[in-house]
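Below are the chains, spelled out letter by letter.
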Amino acid sequence: SMAAGALNAAQSYYEEKYDKVSFIKNIISDNIMLSDLYIRAKELHVETELNRGVFLIRRLDEYFEGLTVEAVQNIFPDRQTSFALSMGESDVVLIQQLGENVSTRDLEKTAQLIEETLRENGESTVVVGIGTVAAHLRDLAKSYKEAQIAIEVGKVFDTEKYVVSYENLGIGRLIYQLPIPLCKMFIREIFGGKSPDDFDEETLTTINKFFENSLNVSETSRQLFIHRNTLVYRLDKLQKSTGLDLRVFEDAITFKIALMVVQYMKYMETLDY
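Rules used in this analysis
- Counting of residues starts from 1 at the beginning of each chain's written sequence and follows it residue by residue.
- In keeping with the model being predicted, local features are shown solely for residues with a pLDDT of at least 70 and side-chain atom pairs are shown and tallied solely at 80 or more, while totals for entire chains, interfaces and linings include all residues.
- Excluding hydrogens and water, the side-chain values take into account all heavy atoms of the structure.
- Every helix listed is a DSSP run of H or I at least four residues long, and every strand listed is a run of E at least two residues long, numbered separately from the N terminus.
- The globule rule is 2.2 Å times the number of residues to the power 0.38, and the radius of gyration it is compared with is taken over C-alpha atoms.
- Burial classes: relative accessible area under 20% of the type maximum marks a residue as buried, over 50% as exposed, and values in between as partly exposed (1.4 Å probe, protein chains only).
- Every residue pair with non-hydrogen atoms within 4.5 Å of one another is taken to be in contact.
- All accessible-area figures derive from a Shrake-Rupley calculation using a 1.4 Å probe, and residue coverage is judged against the displayed protein chains alone.
- When charges are counted, Lys and Arg contribute as positive and Asp and Glu as negative, whereas His and the chain ends are disregarded.
- Charged groups are reduced to one reference atom each: NZ for lysine, CZ for arginine, CG for aspartic acid, CD for glutamic acid.
- At least two bridges found by DSSP between two strands are what make those strands a pair.
- Polar contact is the term for a pair of N or O atoms within 3.5 Å; when the atoms are in protein, one must be able to donate a hydrogen and the other to accept it, and sequence-neighboring residues count only if both atoms are side-chain atoms.
- By salt bridge we mean one thing: a side-chain nitrogen of Lys or Arg within 4 Å of a carboxyl oxygen of Asp or Glu.

Peer 1: Explain the overall build of the protein chain here, please?
Peer 2: Per the secondary structure count, the protein chain includes eleven helices and six strands. In terms of overall size, the protein chain is more extended than a compact globule, its C-alpha atoms giving a radius of gyration of 24 Å where 273 residues would be expected to give roughly 19 Å. Considering the protein chain as a whole, with its 273 residues, one finds that 41% of them fall into the buried category. Across the protein chain, contacts joining residues at least 24 apart in sequence account for 63% of those joining residues at least 6 apart. When the accessible surface of the protein chain is split by element, carbon and sulfur atoms take 52% of a total near 15800 Å². Of the charged side chains in the protein chain, 30 are positive and 42 negative; the average position of the first set lies 4 Å away from that of the second.

Dropping the structure here:
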């Protein structure tokens with residue numbers, strides 16, 4: 001009968017979909033041997049050599065109900081080219097077929113679209129990590145790991161960013177690899193017994209604005225609404241207390257990295273203790 005035919009079709013669709021989900025999950029969790037990967041891919045009609053993007057969408061607020069596989073899949077309804085699956089409590093992963101030459105910029109646009117679509121009432125509730133393009137099925141695991149690292153590093157250094165790509169982690173990527181004892185030594189070397197945390201709000205704002213404006217005194221004082229001489233006075237005071245003159249490129253680099261190292265150490269403390 002027709003009903004039986006429809007039922008069979010529905011069942012085989014369900015099984016294939018379900019199989020595909022567990023197949024992809026096994027790949028990105030690095031749970032499948034290469035030989036099995038090829039066999040399963042053939043059975044499930046999944047192309048092995050194809051550019052794919054991996055987007056890890058993580059819930060920032062545990063009470064946010066909007067992050068579901070369906071919600072992500074609805075943004076990209078074509079299941080052949082875009083495949084969403086849930087990983088653990090707070091993650092949804094989207095694996096998307098890409099064209100030949102896709103730039104990081106394109107991936108970031110897609111991630112932005114996901115973030116903005118899921119965002120509710122003006123507050124950001126998810127962060128999206130982007131791995132490097134996977135040219136082969138077996139590379140999905142690597143891309144997934146990179147997307148995880150991107151979110152982690154972003155959480156430490158770019159707390160305002162809701163889309164973080166592994167290819168654009170900058171200095172944060174290096175600092176994130178450092179052992180804490182090394183960091184402590186570096187901070188002691190730069191600031192002696194003091195910590196950049198001891199700086200008052202005004203000083204920190206001044207420093208950050210100065211960095212944002214590429215060490216330009218006039219532009220920084222304009223944006224802080226203070227007289228040029230006031231800024232010069234603050235920089236002189238900072239130089240007296242730290243021995244670092246932020247108008248000197250090398251000192252500025254040292255200072256910038258030191259601030260990031262302190263941020264990283266603080267973050268690691270919240271994890272450990």
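Peer 1: What exactly am I supposed to notice about the pairing of strand β4 (residues 126-130) here?
Peer 2: On a regular strand, each side chain points to the face opposite its neighbour's, so the side chains alternate between the two faces of the sheet. Taken across its five residues, β4 has five buried, putting it largely inside the fold. Because side chains alternate across β4, one face comprises the buried residues V126, V128 and I130, and the other comprises V127 and G129, equally buried. Sheet topology note: the strand β1 (residues 49-59)/β4 ladder contains five bridges and is antiparallel. By the bridge assignment, R58 is partnered in β4 with V127.

Peer 1: I'm lost on the side chain of E152 in this one. Help?
Peer 2: Relative to the helices and strands, E152 is located in helix α5 (residues 140-157). A polar contact is formed between the side chain of E152 and the side chain of Y176, at a distance of 3.5 Å. With sequence-adjacent residues up to four places away left out, E152 is seen in contact with R58, Y176 and Y267.

Peer 1: Help me out: how do you make sense of the environment of V261 in this one?
Peer 2: Mapped onto the secondary structure, V261 falls in helix α11 (residues 249-272). The buried category is assigned to V261, whose relative accessible area is 2%. In the structure, V261 is positioned 89 residues away from G172 in sequence and 8.8 Å away in space, judged by C-alpha atoms. Contact partners of V261, with chain neighbours within four places excluded, come to I175, C183, F186 and I187.

Peer 1: Is there a simple way to think about the pattern of salt bridges in this case?
Peer 2: Where side chains of opposite charge bring their charged atoms close, a pairing between them can arise. Considering all chains together, one arrives at 13 salt bridges under this definition. A salt bridge links R40 to E43; its shortest N-O distance comes to 2.5 Å. Here the residue R40 and the residue E43 both occupy positions in helix α2 (residues 34-43), the gap between them amounting to three residues, near one helical turn. A residue is classified by how much of its surface remains accessible, and R40, at 25% relative accessible area, is partly exposed. A salt bridge links E146 to K142, with the shortest nitrogen-to-oxygen separation between them at 3.4 Å. Taken together, the residues E146 and K142, both in helix α5 and four residues apart, mark about one turn of the helix.

Peer 1: Is there a simple way to explain the pairing of β1 in this structure?
Peer 2: Of all eleven residues that make up β1, nine are buried, and the element is covered over most of its length. Taken together, the two bridges between β1 and strand β5 (residues 134-136) define a ladder with antiparallel strand orientation. Residue pairing in the sheet places E49 in a bridge with H136 of β5. For β1 and strand β3 (residues 91-97), the ladder comprises seven bridges, and the chain directions are antiparallel. Note that in β3 the partner of G53 across the bridge is Q96.

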